[in-house]
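Coordinate inspection notes
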Amino acid sequence: MNRIANELKALTQYFLFWLLICFIDRLLFITAFFEKIGFENLSEVFRIYYHGLSLDFSAVSYICAIPFFIYCILSFLPQVHFKRKVLDVYTISLLVIYFVVSFININIYREWGDKISKRAFDAFLASPSGAVASAESTPVFFPVFGMIVGIVSGYFLYRWMFKKVHFYNIKLPWQNAVKFLVGALLLFTFIRGGYGRATLNPSKAYFSEESFYNHAAVNTQWALLRDYFSKSTRLKSPYQFYSDESEMKAILKPAFQANPDSAISILTTNRPNVVFIMLESFVGGLIESMGGEKGVTPNIEKLINQGVFFDHIYAAADRSDKGMVGIFSAFPAQGPESIIKYIDKHENLPAVGQELSSVGYRGSFYHGGQSEFYNFKSYMLMHGVSKVVDNASFGVDVDRASWGVYDHVVLKRMLHDFDTEKTPFFSTIFTLINHEPFNLKDGYKFGTKTNADKFRSTAYYTDSVVYDFINQAKSKSWYKNTLFVVVADHGHRLPAEKWELSNPHRFHIPLLFFGDVIKPEFRGKKFHKIGNQTDMVATLLHQLGLSSERYHWSRDLLNPTTPQIAFYNSKDAFGVITPEQAVSFDNVGKIINYKQNSNFPHAKTDSLLNIGKAYYQEVYHEFLKY
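The rules behind these values
Residues numbered from 1 in each chain as written. Predicted model: local features only at pLDDT ≥ 70, side-chain atom pairs only at ≥ 80, totals over all residues. Heavy atoms only, no water. Helix = DSSP H or I, 4+ residues; strand = E, 2+ residues; numbered from the N terminus. Axes fitted to C-alpha atoms, helices over the stretch in contact; angles between N-to-C directions. Parallel < 35°, antiparallel > 145°, perpendicular 65-115°, else oblique. Left-handed = near helix turned anticlockwise from the far one by under 90°. Contact = heavy atoms within 4.5 Å. Buried < 20%, exposed > 50% of the residue type's maximum accessible area, 1.4 Å probe, protein only. Salt bridge = Lys/Arg side-chain N within 4 Å of Asp/Glu carboxyl O. Nonpolar A, V, L, I, M, F, W, Y, C, P; charged D, E, K, R; others polar. Disulfide = S-S within 2.5 Å. Pairing = 2+ DSSP bridges. Patch = residues over 30% accessible without salt bridge, like charges linked within 9 Å, V, L, I, M, F, W, Y side chains within 5 Å. Areas by Shrake-Rupley, 256 points an atom, 1.4 Å probe, with all protein chains shown as cover. Phe/Tyr/Trp six-rings, centres within 6.5 Å; stacked < 30°, edge-to-face > 60°. Lys NZ or Arg CZ within 6 Å of the ring centre and 35° of its normal.

1. What to know about unusual backbone geometry
Cis geometry is adopted by the peptide bond preceding P424, which originates at T423 and carries an omega value of 0 degrees. With respect to the secondary-structure elements, P424 resides in the loop between helix 16 (407-418) and strand 5 (425-430). Following L494, the chain continues into P495 via a peptide bond in cis, with omega recorded as 0 degrees. Although it is not a glycine, S281 adopts a positive phi angle of roughly 55 degrees. Counting through the fold element by element, S281 comes out in the loop between strand 1 (273-279) and helix 11 (298-304).

Quick look at the structure:
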């Protein structure tokens, strides 16, 4: 009986040990972002732990299952003894993985607003150097030191809890069978979260309208494993709201209805050269005219005063791979997926470069980084671009930052190449310096005290080099017949550091048309219509007298009858914006996690949310078909 009691003690203590590790992991996460809770809401910490218990129990049961089943098998072989070293190696190995993931997760959440997922590893595999460069924005010492302390402390805690525990093989087969069945039943129950029809999922831990509280309650490692082993989101849509397709289309129709004869023309020609300037992470908070900070982007302000500016535009999503497809293919973001990752899918997307090529334009793409990152290169080459200039196109002697060649060097190359380019041409420059870790060779305008200061400085640099590029272009023969389209790929948490991923401010970006081809009466005009970066395609094509029929998600921002509505999307949530209300829906917890106007009628908010649900269900349906 003593041996049975000792076995029970060993199994229970091993379970409790890993439960403590889960608690420590959550405590580290809460501590890293404690400003999101504050001392006035300290009681929420207890609710976070309570609501996270079911996922913690499941995670711990997964961990315990392997040594438990191995031990049970060996119990039926009395001549073979379970060696303690096997459990020691297993435990230390998992502790290393656990704390490495824990501290990487903190950095990812700080930058992305989402916890670590399969997507983060995909990004690393796509560009290890880029991932390392992003991590440079956070001091390396603290997470590495934390990992070491966590691993060492965890192992000593394990040794202390097990110093008086010994493993024995029970001799009688029926006792081993009972042990196996009881243990397997308990572990399976915890893993599954009970015996209801629905299996355990992250929404089990959701309990609040505050996104951070829910994210903190979800066990990080459990959610990561689920992300890897759940059914591929390439095969199954996470957006299942309507079974009647006609009902869904009826809900969406008002958001895309407009009188095509009402559009206005702002260009003096329908065949200008077109230069797209896609700005990395250029959130509206950097631009005074958009309600942002003063003095960060003074040159953009000058261009705004001479061009046509849309000041209520929102990015389709929160990452560059989705922003690029949103800008050039007018295809909305797909939550946990990114269509550009799949060449067999993205090659079937339409893109504005194809329309321009079909009427005689020659296309090029310039980027100081690796154009293979997230298949940018293949996407461009399959959509009307014949020339790609990237990091590999420059010698080893040119100025480079963590991500690649400095933007001013790439822009200088563009100016040189355009002199011999056959017109009309279209070209894209995708900047990179305004990206973590915000490297600058020649000093920081706003200092380096915080990442926000570095971000302001790299934005100031980007603002300066783009303005210099356009000013130098004015002396070129091709300039008089060139339209510049300036747009950001996505927003950013900086410089404000106060907008959660559910807040539309996080997605607020500039869209500017600039150049001598703009009619004088429209220069300096601002349009306040709410729209998306996906609307750039239809707006531009209509100015060029080309059809936008293939881009049914894109709407003409220069058409007064176009409805004012925008959509934004992150991995687990989506939002809808109108002049009266903005609302965000967490698709994991199935709850509203942001409402801009709490006094707005509940029924109208629900109606707006229904448009968002129909929008993303239909978008994902198309993604699966491509």
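2. Here's the deal with the packing of helix 2 (residues 43-75) against helix 7 (residues 173-192)
Two elements in contact, helix 2 and helix 7, have axes whose closest approach is 8 Å; the angle formed by their N-to-C orientations is 160 degrees. Our classification of the angle between helix 2 and helix 7 gives roughly antiparallel. Between helix 2 and helix 7 lies a crossing of left-handed hand. Contact residues: helix 2 offers S54, F57, S58, S61, Y62, C64, A65, F68, F69, Y71, C72 and S75, while helix 7 offers N176, K179, F180, G183, A184, L187, F190 and I191.

3. Thoughts on the side chain of S117
Here S117 lies in the loop between helix 3 (84-112) and helix 4 (118-126). Take S117: its relative accessible area is 4%, and that puts it in the buried class. Excluding residues within four positions of it along the chain, S117 makes contact with L224, D227 and K571.

4. Observations concerning the pattern of salt bridges
For the structure on display, the rule yields 23 salt bridges. In this structure, the salt-bridge partner of R362 is E421, at a minimum N-O distance of 3.5 Å. Highlighted residues: R362 in strand 3 (residues 362-367) and E421 in the loop between helix 16 and strand 5, separated in sequence by 59 residues. Taking relative accessible area as the criterion, E421 reaches 15% and is therefore assigned buried. In this structure, D516 and K480 form a salt bridge, with 3.1 Å as the shortest nitrogen-oxygen distance. Here K480 lies in the loop between helix 17 (451-473) and strand 6 (482-488) and D516 lies in the loop between strand 7 (508-514) and strand 8 (525-527), a separation of 36 residues in the sequence. Relative accessible area serves as the criterion here: at 25%, D516 is assigned to the partly exposed category. Exposure remark for K480: the relative accessible area of 58% places this residue in the exposed category. Each of the salt bridges in this network shares a partner with another, and the network as a whole consists of R362, K387, R413, D417 and E421.

5. Overview of the environment of I73
Residue placement: I73 occurs in helix 2. Counting along the chain gives 166 residues from I73 to Y239, while the straight-line C-alpha distance between them is 43 Å.

6. Overview of the packing of helix 16 against helix 17
Look at helix 16 against helix 17: their axes get within 10 Å of each other, and the N-to-C directions meet at 15 degrees. The angle between helix 16 and helix 17 places the two elements in the roughly parallel class. Crossing angle aside, the handedness with which helix 16 passes helix 17 is right-handed. Facing helix 16, whose interface residues are D407, H408, L411, M414, L415 and F418, helix 17 presents Y461, T462, V465, V466, F469, Q472 and A473. For the contact of helix 16 with helix 17, the per-class residue count stands at 9 nonpolar, 3 polar and 1 charged.

7. Notes on the state of the cysteines
Inspection of the entire model under this criterion finds 0 disulfides. In this structure C64 is a free cysteine whose sulfur lies 9.5 Å from that of C22, the closest cysteine sulfur available. On the accessibility criterion, C64 (7% relative accessible area) is buried. The thiol of C72 is not disulfide-bonded; the next cysteine sulfur, from C64, is found 12 Å away.

8. Quick look at the sheet that holds strand 10 (residues 566-569)
Reading across from one edge, 10-11-12-13 is the order of the 4 strands in this open sheet, with antiparallel pairing throughout. A strand with exactly one partner marks an edge of an open sheet, and here the two such strands are strand 10 and strand 13 (591-595). Strand-to-strand twist across the sheet, computed as the mean angle between neighbouring axes with direction ignored, equals 20 degrees. Relative to strand 13, strand 12 (residues 582-586) runs antiparallel, the two being bridged by 4 bridges.

9. Some details on a nonpolar patch on the surface
A cluster of nonpolar side chains, V140, V144, I148, V152 and F156, forms an exposed patch at the surface whose accessible area comes to about 460 Å². Looking at the element boundaries, F156 is found in helix 6 (residues 141-161).

10. Description of the packing of aromatic side chains
What the rule picks out here adds up to 56 aromatic pairs. Residues F373 and F376 carry aromatic rings whose centres are separated by 5.9 Å and whose planes lie at 80 degrees to one another, so their mutual orientation is edge-to-face. Neither F373 nor F376 differs from the other in exposure class; each is buried. When the centroid spacing of 5.9 Å and the interplanar angle of 40 degrees are considered together, the rings of Y479 and F484 count as tilted. With a relative accessible area of 3%, Y479 lands in the buried category. Stacked on the ring of Y49, the Lys or Arg R26 has its end atom at 5.3 Å from the ring centre. Looking at R555, its charged tip hangs above the ring of F256, at a distance of 5.8 Å from the centre.

11. Topic: the pairing of strand 6
The buried fraction of strand 6 amounts to 7 of the 7 residues, a majority that puts the element mostly inside the structure. Both faces of strand 6 are covered, namely the face carrying T482, F484, V486 and A488 and the face carrying L483, V485 and V487. In this structure, strand 1 lies alongside strand 6, joined through 7 bridges in parallel fashion. Counterpart to V275 in the pairing with strand 6 is F484. Inspection of the sheet shows strand 6 paired to strand 7 by 4 bridges, in the antiparallel sense. Bridged to F484 within strand 7 is F514.

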